[in-house]
Amino acid sequence: MGGQTSDVRRILVVGIGAGNPDHLTLQAVDALDRAEAFFLIDKGVAQPLNELRQEMIERHARADHRTVVVDDPPRDRDPEDYDAEVRRWHQARADRLGAAIEAELGDDGVGAILVWGDPSLYDSTLRVLATVDETVDLDVEVIPGITSVSALAAAHATALHGIGEPVLLTTGRRLTDGPSVENVVVLLDGQHAFKEVDPDTEVLWVAYAGMAEQRTIRGRVGDVADEIVAARAEAKAEHGWIMDAYLLRRPT
Ligand SMILES: C[S@@+](CC[C@H](N)C(=O)[O-])C[C@H]1O[C@@H](n2cnc3c(N)ncnc32)[C@H](O)[C@@H]1O
């Protein structure tokens, strides 16, 4: 994977940014124009998110591009062994994607996969492609994108940390496991894990960062936690889906 040989299938993994069509970088626009086929892994995500991907393809891809939908295999969301279930699911996903790439791209064909934000952050595409590469020879090229973390910081016009301080990036599920770091960015929190932290912690919350629907709340956890829970519920009811993230600044 990742070599520069020409007669091997090339897959462009394109970070498309955190939901605003203008997050697409010039490098990403160029990549969309290079791809002859787009592999869309249908994760059953909310329709507006699929529409955004389609809109970017229609706008920037070459006229004769093909779109190949790869259905995501079913996944047990509440397994006894979480890691084993994720490994099984990734293997099934790799099998389906590998078969689609082999069928749709010639030996030196160029395909693309569009990834929300950046592929380095809580996204399985690169791991799945590494598994595909065990059976179908591939060159993988990554085009980085604006992450939800950048969009969160921008929404609050803030740096993520004070001078020389560390930042921990984690998920709601792991928030209470982590070391006690001054600054913690949390993604993927449907359980309102912020309610469990010291109420004197400052929270900078954003939903739909960078998008027209953007909403922010900032304050002491003890003061604004209920407001965030209510805002999440309201936004989800209004739009049918939500993406939100937050920065926690631990009290010193
Ligand atoms: C599966 S992760 C993917 C992260 C993505 N690869 C990135 O670079 O940002 C999805 C999570 O990212 C966060 N997220 C993505 N887009 C967001 C946005 N526009 N506003 C707020 N949070 C967002 C949410 O926490 C969401 O649950």
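Residues numbered from 1 in each chain as written. Predicted model: local features only at pLDDT ≥ 70, side-chain atom pairs only at ≥ 80, totals over all residues. Heavy atoms only, no water.

### Description of the site of the ligand
Heads up, the rule is: Whether a residue is near a molecule or strand is decided by its heavy atoms; if any one of them lies within 4 Å of it, the residue is near. Counting of polar contacts relies on pairs of N or O atoms within 3.5 Å, with two restrictions inside protein: one atom must be capable of donating a hydrogen and the other of accepting it, and residues adjacent in sequence are counted only when both atoms are side-chain atoms. All accessible areas in this document rest on Shrake-Rupley with a 1.4 Å probe, and a residue is counted as covered only by the protein chains that are shown. Nonpolar residues are Ala, Val, Leu, Ile, Met, Phe, Trp, Tyr, Cys and Pro. Charged residues are Asp, Glu, Lys and Arg, and all others, Gly as well, are polar.
In the region of the ligand, 15 residues are neighbours, and Ala18, Asp118, Leu121, Ser148 and Asp244 sit closest. Ala18 has a polar backbone atom sitting 2.7 Å from a nitrogen atom of the ligand. For the ligand, an oxygen atom lies 2.8 Å from a polar atom in the backbone of Asp118. Coverage of the ligand by the protein chains reaches 90% of its 570 Å² of free accessible surface. Residues that form the shell around the ligand fall into these classes: ten nonpolar, three polar and two charged.

### Topic: the sheet that holds strand S4 (residues 110-115)
Applied cut-off: At least two DSSP bridges between two strands are required for those strands to pair. To qualify as a helix, a DSSP run of H or I must reach at least 4 residues; to qualify as a strand, a run of E must reach at least 2; elements of each kind are numbered from the N terminus. For every element, the axis is a line fit to its C-alpha atoms; helices are fit only across the contacting stretch, and the angle between N-to-C directions ranges from 0 to 180 degrees.
Strands sit in the order S3-S2-S4-S1-S5 across an open sheet of five strands; the sheet is parallel. Here the strands that pair on one side only, and so sit at the sheet edges, are strand S3 (66-71) and strand S5 (138-143). Recorded for the sheet is a direction-independent mean angle of 25 degrees between the axes of neighbouring strands. As paired strands, strand S2 (residues 37-42) and S4 are joined by two bridges and run parallel to one another.

### Brief notes about the pattern of salt bridges
Definition in use: By definition, a salt bridge exists where a carboxyl oxygen of Asp or Glu is found within 4 Å of a side-chain nitrogen of Lys or Arg. Burial classes follow relative accessibility: with a 1.4 Å probe on protein chains only, a residue under 20% of its type's maximum area counts as buried, one over 50% as exposed, and anything between as partly exposed.
Counted under the stated rule, the structure contains 14 salt bridges. Glu202 is the partner of Arg249 in a salt bridge, and the nearest nitrogen-oxygen pair spans 3.5 Å. Here Arg249, found in strand S10 (residues 244-249), pairs with Glu202, found in strand S8 (residues 202-207); they are 47 residues apart in sequence, far enough to count as distant. The class for Glu202 is partly exposed, based on a relative accessible area of 25%. Residue Asp244 is joined to Arg232 by a salt bridge in which the shortest nitrogen-to-oxygen separation is 2.7 Å.

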